[in-house]
Structure formats: structure tokens, C-alpha cells
Amino acid sequence: MNIGQASKASSVSQRMIRHYEKIGLVPAPPRRDSGYRDYSAADVYRLRFIANARDLGFPIEEIRTLLGLWSDTARSSSDVKALATDRASELGQKAATLEEMRRLLLDLAARCHGDDRPDCPILDDLEHRG
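Note that the coordinates shown come from a computational prediction; the quantities given were computed from them, not determined experimentally.

Caption draft 1: Spotlight on the overall build of the protein chain. Helix and strand counts for the protein chain stand at 6 helices and 0 strands. Its helices and strands taken in sequence order, the protein chain reads α-α-α-α-α-α from the N to the C terminus. Against the 2.2 N^0.38 benchmark of 14 Å for 130 residues, the protein chain shows a C-alpha radius of gyration of 23 Å, more extended than a compact globule. Principal axes of the C-alpha set define a box for the protein chain whose edges measure 70 × 40 × 25 Å. Burial status across the protein chain gives 23% buried among its 130 residues. Carbon and sulfur atoms provide 54% of the accessible area of the protein chain, an area that totals close to 9,200 Å². Charge separation in the protein chain, taken as the distance between the mean sites of 20 positive and 20 negative side-chain charges, equals 9 Å.

Caption draft 2: The arrangement of the nonpolar core in detail. Counting 20 residues, the largest nonpolar core has I17, Y20, L25, I50 and I63 as its most contacted members. Only α1 (3-10), α2 (14-22), α3 (41-55) and α4 (60-71) provide two or more residues apiece to this core. The residues contacting I63, other than those within four sequence positions of it, are L25, I50, A53, R54 and F58.

Caption draft 3: Representation of α3 within the structure. Compared with the 21 Å implied by 1.5 Å per residue over 15 residues, the 21 Å span of α3 between its first and last C-alpha is a close match. When we look at burial in α3, the residues that qualify are D43, V44, L47, I50, A51 and A53. On its buried side, α3 packs onto α1, α2 and α4. Just downstream of α3, G57 is the residue with a positive phi angle, here 90 degrees.

Cut-off values and rules
- Residues numbered from 1 in each chain as written.
- Predicted model: local features only at pLDDT ≥ 70, side-chain atom pairs only at ≥ 80, totals over all residues.
- Heavy atoms only, no water.
- Helix = DSSP H or I, 4+ residues; strand = E, 2+ residues; numbered from the N terminus.
- Rg over C-alpha atoms; globule rule 2.2 N^0.38 Å.
- Buried < 20%, exposed > 50% of the residue type's maximum accessible area, 1.4 Å probe, protein only.
- Areas by Shrake-Rupley, 256 points an atom, 1.4 Å probe, with all protein chains shown as cover.
- Lys, Arg positive; Asp, Glu negative; His and termini not counted.
- Charge placed at Lys NZ, Arg CZ, Asp CG, Glu CD.
- Core = buried A, V, L, I, M, F, W, Y, C linked by side-chain atoms within 4.5 Å.
- Contact = heavy atoms within 4.5 Å.
- Expected span 1.5 Å × (residues − 1).

Everything listed here is a matter of geometry and, on its own, says nothing about what the molecule does.
Laid out in C-alpha cells, this is it:
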């Protein structure tokens, strides 16, 4: 299949498919006589795997590791589990940081009168935040 068909089948944009090829996450497929890339069902399967890993927040280098583990039939599932739990922990830390930012913004917004007066605790906080 061509890149458009592979993109549609995998739900990965053509731009991202080219990017994944460029950085070596997806091997460059053979080309037809016309010069078009010729993707296989296995390529689409790999692209879906990458997209699913991205959706779970894995960065490229960890996806590279996951791909290696995925293709290694002698792998230890503890290696995969460690990657997943580390990623979950990191996402938990990011979620806590985002929640703190949200609370701060809501507090600032609650203290702002939101009327025609020029004084604004939101701008004052941004000006003086260290």
C-alpha cells in the first residue's frame, strides 16, 4: 500500500510516518518502480504500535526500547513493566504539577474583580512571581 493508505490504516499522519522513518522507528519500505513507498501490513501494525505508545505518553526513545522488547521473544516482561510503571509515575508527577497550576489560576481568577478597574491580581502575580 502507498503512504496514504498506510496512514489511513494506521491512523498515523503521512508526515509522522516520514518522521518515524527518518529517525529509524520504522524501516524505510521498499519503493515501487514509480518511486512510491510500498508499505506492508506489518508496517501498518508497527505504526499502530508506535501510535498507541505515543498515546500513552511514551517518548520516542522509550518507544524505541519498547519496539526492541516487542520484537525480542526472549524478553522479560519485567523490563516492559518497569518502563510502564516509570512512565505512569512521571505522568503522575506532571498531573500533580498541572493540578497545582490549575488551582493557582483559579485562585487568581477568583481574586480578580473582572470589571472595568485596571487593578488585577493575575497580572500582579505574574509580575512578581519569582
